Structures are given as C-alpha cells and as structure tokens.
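Chain and residue survey
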Protein chains: 4
Amino acid sequence: MKNTFGNAITVTLFGESHGPAIGAVLDGLPGGIKIDEEYIAARLTQRRPSGRISTARREPDRYEILSGVFNGYTTGTPLCIIIRNEDTRSKDYDSVSRLARPSHADLTAMYKYGGFEDYRGGGHFSGRITAALVAAGAVVMKALEDKGIIIGTHIKSCGGISDRDFGTAVWAEADIRSLAEADFPVLDGKTADEMEKKILTAAAEGDSVGGVLETLILGMPEGVGEPWFDTVEGMLAHAVFSVPAVKGIEFGAGFAIAEMRGSQANDCLRTDGKKIYTETNNSGGINGGITNGMPIVFRTAVKPTPSIFKEQRTVDIKSGENAVLSLNGRHDPAIVHRAGAVVNAVTAITLADLLAVRYGADWLRTGEKK
Amino acid sequence: MKNTFGNAITVTLFGESHGPAIGAVLDGLPGGIKIDEEYIAARLTQRRPSGRISTARREPDRYEILSGVFNGYTTGTPLCIIIRNEDTRSKDYDSVSRLARPSHADLTAMYKYGGFEDYRGGGHFSGRITAALVAAGAVVMKALEDKGIIIGTHIKSCGGISDRDFGTAVWAEADIRSLAEADFPVLDGKTADEMEKKILTAAAEGDSVGGVLETLILGMPEGVGEPWFDTVEGMLAHAVFSVPAVKGIEFGAGFAIAEMRGSQANDCLRTDGKKIYTETNNSGGINGGITNGMPIVFRTAVKPTPSIFKEQRTVDIKSGENAVLSLNGRHDPAIVHRAGAVVNAVTAITLADLLAVRYGADWLRTGEKK
Amino acid sequence: MKNTFGNAITVTLFGESHGPAIGAVLDGLPGGIKIDEEYIAARLTQRRPSGRISTARREPDRYEILSGVFNGYTTGTPLCIIIRNEDTRSKDYDSVSRLARPSHADLTAMYKYGGFEDYRGGGHFSGRITAALVAAGAVVMKALEDKGIIIGTHIKSCGGISDRDFGTAVWAEADIRSLAEADFPVLDGKTADEMEKKILTAAAEGDSVGGVLETLILGMPEGVGEPWFDTVEGMLAHAVFSVPAVKGIEFGAGFAIAEMRGSQANDCLRTDGKKIYTETNNSGGINGGITNGMPIVFRTAVKPTPSIFKEQRTVDIKSGENAVLSLNGRHDPAIVHRAGAVVNAVTAITLADLLAVRYGADWLRTGEKK
Amino acid sequence: MKNTFGNAITVTLFGESHGPAIGAVLDGLPGGIKIDEEYIAARLTQRRPSGRISTARREPDRYEILSGVFNGYTTGTPLCIIIRNEDTRSKDYDSVSRLARPSHADLTAMYKYGGFEDYRGGGHFSGRITAALVAAGAVVMKALEDKGIIIGTHIKSCGGISDRDFGTAVWAEADIRSLAEADFPVLDGKTADEMEKKILTAAAEGDSVGGVLETLILGMPEGVGEPWFDTVEGMLAHAVFSVPAVKGIEFGAGFAIAEMRGSQANDCLRTDGKKIYTETNNSGGINGGITNGMPIVFRTAVKPTPSIFKEQRTVDIKSGENAVLSLNGRHDPAIVHRAGAVVNAVTAITLADLLAVRYGADWLRTGEKK
C-alpha cells in the first residue's frame, strides 16, 4: 500500500519539502471524535526545532483541516490535514552537479524514481513530511487519551548519556502524558542538560549525534493484535520504521532478552482476583503478538542526523563521478528529541487501527451520538 | 489483513498444532517458477529439531502442494502447501485446570478468542505453524536464488557466546547460501560447539537460552521499497516479528548507530565507474526505506524458549486463581538455530513482494515462457 | 489482492480442477461461530448438478476443515476448508493441439500465465473451484442467519421463461431461507418446469442457456458500507463478478431505473414511530453506498454455459492456427440454478466483512463467550 | 479500505460539499508521467453543468496539485490534488428540522456517522466530490492515452431516447477520444437534441431523468486481471459503483446474454496469423476475469437525479416524524452526461492499477528516464 498504512484506520502521507504543501489523510475514524486544536498545535510544537539546541524558537507549523471535521468533531469521513510550505523560494537547485548526501535518500530516490524525484531539500523523504504525520497522529492520540490510552516517549540515551528506564515502575498517567509535552523529554531532568551539552559539542565540531527513544503505553486493552503478521510488534515496527533515521526497534527486554535464561525472561502471572498481571514485563505487554493488558514498552534506535558539516566523500549522481561534499546552511545536530513526537504519532495511529479492527469503527468515538 | 502478509505477493498462514493440518497459501507468484522439492525439504529439515541439541534426529516434515503447481512449475495461481499433523493423539487436554504458561500466548489467546481457541499445544500460536511458512518461503527463496538474490542467516550470539559478524567483508554467494543448509549456522565453526555447551548446560538445569540472529542478503536490486510505511525495514520488520520469540530487529549498525557521531555513521559513497557503492554499510543496504544496492543486513533478538522445567508462578485461566506450573514432556532448550530458517522464509517472501511491486508479477519467473 | 477478497473478514481461494484439491481460507472470523456440518453439506448439494437437468444425482462434495475449528466452533484463527479432487485420472491432455474453447478462459490464461497454467479441465478457472467458495460461504451464511440476516436467490429468468419478482412484497424469513435449499429455486413453482423444458430442449440441440438470478437479503442492519469505493454495491459487485459466467449486476430497480423519472424512482420515506422505512425499494436497500435498513435486492446476469456441442471456430493456441472445436463429454446445458448457491456464498462473505468492519470482529460470534 | 481504491495504484478521496476543499491522493504512479494541465481542465469541464441543459456555462473548477509533481512530471510520490469550495457561505443550515431527501444519503449518513456528518449540501456524499476524482483520473487517463489505451463513454439512452451502440464496429482512436471532450457525448449527433428535449420537459415539470452510459476501451493489453475477486469486471464494477447514482453495470452483451443460447453468446476465435481476435465481442473483452485483447465494453445504469421539485413524503430525522419535503434552489434535471466523465475517471484509475499489478510501477512512465 506504499504511502498508506493501516487496515481499519489508515493514514496516507503526501508532500515534498519544497512543494506547495505536505499533508495526511486519515480514514476510518468514526464520527464524533472531538478535535482539540491546541493539542494538535502542541504536538507540532514538540516536533519543531527546540530552543535548547537550535538557536531560535520558531512558531509552530500552521495546519489546515480540509475535510472530515464539522462543528468541532470528526465526521467519520476522511480527514485531510495539510501544512503549507511557506518558505520555498527558488534556491539555486539547478546547479550542474547533484552530490548525493551520504546516508540520505538522494541516491535511492534517483534509483526508484528515475530522476523525476523532487530532490529539493530531500523532497518526499524530508523530515518535514513528518509534521503532517504528527498533526494527523495528534487527532488520534487525543482520542486514545480520552479512552485512557496514554502514549509517552522519552530519550533513553543520547550522545552517550543515559536517562533512567521506564523499568517496572508503575507510572502515573500524568507523568507519561507530560512527556508528550516536553521539548526534550527525559525521566530524570538532569540528564537533559548533559545530553544537550553532548549535542552542542558535536555541533561545534560540525558533527551530529543520535540516540535511543523509549516509549510506554498505558491503558491498552488486552486481546488486541493478531498471532501472525499483524502482531502488535509487527504493526508498530512497520509504522515506526517510517520515522526517518530509525534503524532498530525492540519490545520489552528487547535484545537483552536474547542473553537471558528462560527462567529470567519469563513473566510470571499473578492475579489479584480482579485482573491478571505479570510480575515482570520483559514481554513489553505483548505475547503471541497480542496485548496482555500490561504496559506496552518499546525502544527505537535513531541514527545521528546524516547532514553534517565535515567534508564527505560522495558521488555526483548527474555526472556519475566521485566528488567531495561540503554542506552549508543550518542542520540540526540531533533530531532524536524531535523524533519522539513522530514515534508517538505513528504509535497512536497504529494502536487506533488495531483497536478499530477489534472493536469496530465506532469504538474511538468520544462525543455523544446524536 | 491479519494472517495474510504482502501486497503483490502474499502469504496466508493457517493451522493449529493439534488440528488436522497446517498450511500456507502463496498468491501473486508468476507462472514458471521451478519447484525444487529437495530444496524445500532441506529448508524444512533446517527448521526441525537438530541432532546436536535434541536427542534424536527426526525425519523432515512431509508437505503436500495442493494447488498452483503443474508439471514442476508454478502455474501463477495460488499455491497452497499443507503439512499434516501426524501425531495428534488425544491427550488429556480436558483437565479441570488450564494453567497459562508464562510468556506464552495462552492468556492472550483466551482474551482474543473468548475461550474458543484451540489451546492444545499452543494451537495457532505454536511454533509448529512455522513449518508451513518455511515450506512456502522455500519456494520463493529458491526463485530469488535463481535471480541472484541470496539470503543467509547465522547465529550471532547464543547463551553468551558470540559468533563473528558479517561485518564489512565481501561475502561469496556460496558461503551465504551454505548458511541456509546448516543445522546450526555460524560463521566461525568453533563457536557452534561453545554455544551448544551453553544450551546443554541450561537444559540440564531445566532452563533455556535465547540468542541473536544476523541475516545478510546479497544481490538485492537497488531502488526497491517505499519512502513511507512500506519501507524495506518496515516490511521486513513486520514480517520478522511473526517469527515466534522475536522481540527486536535492527538494520545495519542498528542500536549501535545511536551512539555514533554522524561522521562515523554516514556511509560515504564511491563509484568505480560502473557501480555506486558505499565504503561502509551502517545503513544495512537501505536509505530512505529503499535499497541502495549494498547487502541488506539485519539482526533479530530471539528470546529463550518460554517452556522451561522450573516451577513457575501462574494463573489458572479457567478458575481465575493463582497457581504453580510444572511443565512435563520434551521442550527445546533453545530455538534460535531453528528460528533462522523461519527468518529466511519470511525474508524471502517479503523481498519477493517488494520486487513484484516494483517490477510486476512476472519478474520472478525462471522458466522459459511457452 | 488477487485471489483474496475482503477487509476485516477475508476469503482466499485456491485450487485447480485436476489438481490434488481445491480450497478456501476464511480469515477474520471471531471465535465462537457454531459449525453446522449439515448446513454446509446442503449448500454444497445445491451447487452440485441437479437431477432435474442432469441425468443422475451425485453425492455432495466431501469437504475437510483443516484448521480454525475446535469442539464444533470456530476458533477465530484462519479456517481452511478443502475438497479433494477425487476423479483426476490422467486423461489424454498431452495431445499436440490445444484448442481454446470460445468464451472460456483458455486463451486469457495462457496470456497471463505464459503457458504454465494447469489447463486441464479449465484449471484454476474451472467452475469446480466454486465448491470451495460455497463451503466457506456456508460457514458465514449460517452465522448471518443466526443473527437474523437471511440471503435467498431465485432464478428470475431462464431460457426465456420468467419467474415472478421479489417485488415489494414483505417476505417471510422462512420463504427466503428455503430458496437456499431448493435444487432449482423459483418463487412460482410452475415456472421451474417450464424453464427445465427450455434447458432440455437446448441440451438436445447441443446448445446451452443462461439466465438471471435475483437475490434478496433480509435483516441487514442499517448504516453499513462506505460512501466511496467500499459501497455495499461496489463490494457485492466485486465479489459477484467472481462467480463464473456473471456478466452483469444491478441493484434495486437496476437498469430499469435509468428509464424512470425521479418522481417514480425516488423511495419516499415514512416512519411508523419505531422504524424508518421506504414506501418503495427502487434503491435496493442502499443509498449513498450504505444500507438503509430495507431489504437488499440485486440481480445478476448469468451467461449460457460456454461448453456446447456444436462445432465452433477457434484457434489452436499451441500451433497458433485457426481450427474447429468439437467438444465431447458431459457438460451442463445450464448452470444458472447452480450459480445461485455461489452468489449466496460470496454475498454472505461480503456482508460479513462489511459488518465486521463496522462492528468489529466479534459481532458474528454466536456461541457464549467462555 | 473505505475511501481508498486500488492495489498497486491507489486513489484516496476526501472532502465535503461545504467544507474548505475536496481532493484526491493518487499513489503508486511512477515518476515521469507528463502532467497536461489543459487535459485535466478539459475533463473537469466535461463534468461541470453543461450549457445545453443548465442555464449558464460556469468556469471549470480550479484545482491545485499539492504534491507529487515536479518540473511538469509526476515524481512517483503521492500526488495530492485539491479543489477549493469557493462558495460555501453560511446558509441557514441550523433550522430546527432536517428533512431527509428521498433516495439521497441523508438518512444513511446519519445511521453511519451518528449525527456527526457534515450534512450541508450532502457533505461527503455530494456529487461535487467527483470533481476531485475526475481531476485525479485525468492524470491517469492521459498517461493511458499516451500508451495507446483510449477510454470513451457515450450516453446510450436518456429519457427514453436511445443512441446507437458501440456494437461490433471497429472504432478509430480519435472517435473514442473525442467522446471524452464532448459536453453531451453521443455517437449519433441528432439523438443529443432529442435527449435534451426530454430532459428539459422533465425539468419543466419539476422532475428529472436518468440514463445509461456505454463505455469502450481500446488498446488494453491482453492478460491483465485476475481469475477470482480481482477480475477486470469485479474491479471496474467496484470502482464504478462509487459514481453517485449508478445502480447497475453490465459487460459485453450484459443482461441480454442471459437470454441467448450458448451458440449465439460464444465469441468464436480467429487468427490472422499475427493476432488472435474474436468474431463477436459478447464477452466485452474479458474472459475468466482477464482481458483478451478485444475492446472492453460496459454499460452503467444512472438513476434520475433524486433532487426534484415535486413534493415528496419523507421523515424529519431530527424529530423522527413524518413530513413533506419541497426542495428549492437549482438542481440538475439530469446528470447522466456529467456522470460519463466520472465513469471515465474511475475506469482509468482501475485499468492503470491492473496494469501496474501486472507490469510493475514503471509501466506507465511516459517521460525519458534521466
């Protein structure tokens, strides 16, 4: 399905960095989800370059909902949300050479699209496209919150500095919710400063850093997901690998579980007479591809921003010759903190889809049926 | 799409551990793929319990192709392959209690299917189902090999013992191909013995071990995959998380890339005048979701077999009360070596699908059109 | 999706006329649908050659359920049902020539599959494949009946003889239900004899006849279907055109509505204080692609069996030369009465899918959750 | 997939009659399809109210391409095209009553969306949405034309007046192509005047008329389509039933074939040594769901516009009481001539999808790969 994802609730993504607009279409939502414009704006703000690392705080992206909303609620018909590309003045993109940026999609785009791709600013591959994903995801994320399903992501590590883990602590909804509002979300406040220093040091050297994000989901009903293919892990991974720069994902104990004995790894079951729970959560809330009622936990590896200021060996894809690339302009020395907002967005859409498959389209309705 | 995966080439999986048969339907294959019965049998053998760890070598599963093959070639119509469950004698499954095995799907199956699930031997969640996947995957994997696309998986680590990595070495097709034939595939032969010792030690203690698999794909054409959602990483991850016990996947440098600087992580580009290549392969052969012509590399984390012989706390899902579980019977103390065959199978099907999306259904045809 | 149909509930079809078996996989069903073996057998009997027209009544097809059923109920996992091809003795199919039967798929199969198709008896295009569809459809049709959704099809016309229409009469469930049990379903009993005479006359001349089927669905909930693309009409039409020999479909007043004035065609609305209904049903129970709570009505045009005994001009697709075809063997002079069972089956699966999209997977469950 | 259609090439539709904009996203197109702005505008003009029947010719809809086009060619990434709703001034839609228009979707929309639907002007069900479909379809239709695949639709009957049929004549590309440019496309020019008179007579009486459209496709390659479910008939029917007011579709001889003998209905095969053709085309270019190389022919039944000026019995869906509806404003007394442009659009998208499934994404590329 290419640029569309989901079964019962789908998202379709379009747009290029320097085209007229970027946008997303959400389909399969029920009528009656309240649209919270501030909430959407706040999610977009989290994705924007942060003042701690970038030099200046810019205004949030201005989005426009073209369809699917009436009197402040979703109508149940496709919701198209767009964000205009305001600053797309004609730069000198017609230079004789086109130097492929290492570890960017410049070369693969040419392979795939035969030279017809809009290469300006990365075109359809630009991280800018994620703004549309965050806006669409915010509509769904808010609906999930209203159903008691809370998604939060913190920066588990960045530049060699580690935040503490979600671990097996019992988390309050408010604490998880607040992560989605922070510019630089960490569990242990002081690590933010240390990470920032590492980022700024790398920036000063014309270099960049990556990091690991950790996501926790509270309140997900049990019994959601499929045993084969559309497992919760498979669906989330499918979606999360669309977040640019993500190169790995692990659930629960993840790669560490591979080094455990079964007796350590297994999550023993207990009941308090009302609910069945597990003593540990090495499974990350999922067994056999299906939610078990415990919090879902996963981590994503985000590579360092490939746009750096050091000279790099590359190829001129017009002339086909070896060349050296020196990038100019402003580039973020880290995007891991911004990527969290995108991970949240695709997570929200994926979970909503899995829930709609199980409970039908109307499950997410929050307004009173008229 | 639940138990079906793929866009242009799809696989549908069915069956329960103790039902009449398990099977898979492959759809979207072109007419004219040669069926190599020995090749299929060899892949099934690799998935079977190995003599090095299990006490006795058993015969490979006997499969039957019900449709889609004529005169030794695929017809282009759906290929259904089944494997009968030969030993499904009525055990005493009607005991009063049903103790959910920790970190198995017993509990989540009940949540999802409301008590109607076939719980005998894990039912539809049983690792046995993967035999059908391996058989179907072997049809596709052979077709890919005939097109020069070679998939190989080795055990990168198991029980604390590490094999060497694929790394940046240039691999011969024959070496990669041979991995899919080994009972216990490793790159460095002596590590197999050490791993085996660790497995047997755990087994002696009634425990189990997990491991990490590393997969390399040679010969994948460039320009395959999509920028959003149906990225090569997203599609492979979606499929691979269907392999039971997998809890993580990483591409190229994976989680380690999160700790690198951009200047280390970026794969500089070079050309030898004929082909563009990268000096390193931290991207694992994929940029912007699309293949770049370099080998695809990924690793999967396989948890220790959850069936262990130590006593475990659990819940009786019939009575809803706390209980203690003591498992009997024979259970593998490790499945990581067998999981490799399944990873290869789903990888083959996923790559074939991505290729068919790009080049059309007939691209995989190997026979001469009549 | 090729040989798979549906979104929330899907059916995948496989098999060739002279291969080992034909079959279908139903996925997306909930656990807890009671399997009624007699009901399935009865539907298969209806699809079999009827004694009124064929010389001898044969036994119903023997089907086997390979997966997805446990203790008499669906498990919620994929249900695979197969029917062995018992009489596939090696006929002389290796003759030098292959004469394409006019208005059959012999030629188009070769175009598509490049000569690798199993051409024996029509292969994957054979009407025989519909037996698997009818068996799978029967599982779903019974579940719908238990929910009060009744599907019935009669032969509206055949060989120039017309049965009366469903019209605007209020139909009893039992009357509609009985249509699915009749060998030769008509509303006005005496037309069956007249139609039979026409069929036998054609048969005596080595010729064949077609007919029109009319289908009525009682009890379909309102509000099901989508405004664009996955309209109830579009989904049913998509499915029904898979029934071999169907060349047209119309809903409600159908093609006749094109000749009406709006004031005749419009279905005025009334309420009795409890339910809103329409005075007429020219819309066939569907407005804007969505059910309105009135009976769904549609008609399908079934062409005369293309296998006739008269000489026909054709092409030898091996030699590429013009030729004359004289068919031998036994061929039905009409299949319209048998096609009704297939229309019912695909209708049942399509409606179940639309309902599952709206109400979630568990809506069709009929057994008590344990 | 709700408001999305297609497998390899997909279209997603969004928008409401009185919302900010309507639009469509085309995904799966290759890079390198030339965008012909005049061609798109001409197709939109054909869909607009015609001067012959409406009182005044209005300007064509102004569309904007938001993404997926660069330097005049498709990029291969999703193409989003929108049309602003310019005249959406706040009418008095907040009246106490909401009278459901008979044979409109007012009632079914409420059933489905729970009262949250945007009911103004029919909302998402409005015929206006088809403007986006026509614009998107025009991109694809032009690409098909450049590949020699020509789609044309004429008004076969309207208000009781019949145009001549495509029949078995051999049609010139130019003649078929010109149908897509005509305001009121007929094969026999003088029938247009007679039809127009019938329409104006109905209009004068506050009533409306319907009609039948006949579509011919030249140049479609053979071997395209699937034997089950994704048959060419099934895919086209699925798409065409999205054209508002369509209540029937038939291929080739259609419903008339049901009254033929097999010996009349069968299309005998001949070869001229280079190409195999059929002597007749009762199959409408499709056998076994797959194209046979002959022209594809189908007819669609379009109901009379349900908006009429005569008083109609209806229900007030707010109060739930019986009521009488008297419509005001301007409403077309016929839409059959405008519906042709929409049928062409969905036909083009469906055929392109079937071709991309068969030949891969790049088949439709018309520009020179760079």
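It should be noted that the structure appears before, not after, this text.
First things first, this report covers the structure right here in the doc. (Residues numbered from 1 in each chain as written. Chains lettered and ligands numbered in written order. Predicted model: local features only at pLDDT ≥ 70, side-chain atom pairs only at ≥ 80, totals over all residues. Heavy atoms only, no water.)

**Concerning helix H8 (residues 336-359) of chain D**
In an α-helix, one turn spans 3.6 residues; hence positions three or four apart end up facing the same way. All names here are of chain D. A rise of 1.5 Å per residue sets the reference length of H8, with its 24 residues, at 34 Å; its end C-alpha atoms lie 34 Å apart and thus fit the reference within 8%. Of all 24 residues in H8, 23 are buried; the element is thus mostly enclosed. Among the residues trailing H8, Gly 360 stands out with phi positive, at a value near 90°. (Helix = DSSP H or I, 4+ residues; strand = E, 2+ residues; numbered from the N terminus. Expected span 1.5 Å × (residues − 1). Buried < 20%, exposed > 50% of the residue type's maximum accessible area, 1.4 Å probe, protein only.)

**Some words on the pattern of salt bridges**
Pairs can form between side chains of opposite charge whenever their charged atoms are close. One pass over the structure, following the stated rule, counts 92 salt bridges over all chains. Arg 299 of chain C is paired through a salt bridge with Glu 250 of chain C; the nearest N and O atoms lie 2.7 Å apart. Residue Arg 299 of chain C is located in strand S17 (residues 296-302), and its partner Glu 250 of chain C is located in strand S12 (residues 246-251); the two are separated by 49 residues in the primary sequence. Take Glu 250 of chain C: its relative accessible area is 9%, and that puts it in the buried class. The shortest N-O distance in the salt bridge between Arg 177 of chain D and Glu 145 of chain D comes to 3.0 Å. Of this pair, Arg 177 of chain D sits in helix H4 (residues 173-179) while Glu 145 of chain D is found in helix H3 (residues 130-146), placing the two residues 32 residues apart along the sequence. Overall, the relative accessible area of 8% leaves Glu 145 of chain D in the buried class. One connected set of salt bridges, linked through shared partners, spans Arg 47, Arg 48, Asp 61 and Arg 128 of chain A. (Salt bridge = Lys/Arg side-chain N within 4 Å of Asp/Glu carboxyl O.)

**Considerations on the pairing of strand S19 (residues 321-325) of chain C**
As judged from the five bridges shared by strand S18 (residues 312-316) of chain C and S19 of chain C, these two strands associate in the antiparallel manner. From the neighbouring strand, Asp 316 of chain C faces S19 of chain C, where its bridge partner is Glu 321 of chain C. (Pairing = 2+ DSSP bridges.)

**A closer look at the sheet that holds strand S7 (residues 73-75) of chain B**
Spatially, three strands are ordered S4-S7-S6 (chain B) in an open sheet, and the strand pairing comes out antiparallel. In this open sheet, the two edge strands, each paired with only one partner strand, are strand S4 (31-34) and strand S6 (69-70) of chain B.

**So, unusual backbone geometry**
The residue Phe 229 of chain B is not glycine, and still its phi comes out positive at about 70°. Within the secondary structure, Phe 229 of chain B sits in the loop between strand S11 (211-218) and helix H6 (232-240). Positive phi values are uncommon outside glycine, yet Ser 103 of chain D reaches one of about 60°.

**Notes on the interface of chain B and chain D**
The partner chain D presents six residues to the six residues of chain B that form the contact. Our count for the chain B to chain D interface comes out at two salt bridges. Taking the shortest distance from any N to any O, the salt bridge between Arg 358 of chain B and Asp 362 of chain D comes out at 3.6 Å. On inspection of chain B and its partner chain D, the count reaches two residue pairs in polar contact (both at pLDDT 80 or more). Class assignment for the residues of the side of chain B that touches chain D results in three nonpolar, one polar and two charged. (Contact = heavy atoms within 4.5 Å. Polar contact = N/O pair within 3.5 Å; in protein donor to acceptor, adjacent residues only side chain to side chain. Nonpolar A, V, L, I, M, F, W, Y, C, P; charged D, E, K, R; others polar.)

**Notes on the interface of chain D and chain C**
With 105 residues of chain D at the interface, the matching set in chain C holds 105 residues. Carbon and sulfur atoms supply 58% of the area that chain D and chain C bury against each other, a total of about 8600 Å² over both sides. Interface area lost by chain D to chain C is led by Trp 228, Phe 229 and Lys 247 of chain D, which between them contribute 12%. Arg 261 of chain D serves as the salt-bridge partner of Asp 207 of chain C, at 3.7 Å between the closest nitrogen and oxygen. Our enumeration of links across chain D and chain C arrives at 63 residue pairs in polar contact (both at pLDDT 80 or more). Counting residues per element, the side of chain D that touches chain C draws most heavily on strand S12 (residues 246-251) of chain D, at six residues. Classifying every residue of the side of chain D that touches chain C by side-chain character gives 44 nonpolar, 40 polar and 21 charged. In this sheet, S12 of chain D lies alongside S12 of chain C in antiparallel orientation, the contact comprising three bridges. The partner of Gly 248 of chain C across the bridge, within S12 of chain D, is Glu 250 of chain D. (Buried area = accessible area lost by both parts, 1.4 Å probe.)

So, to be careful, I would describe these as geometric facts and stop short of saying anything about function.
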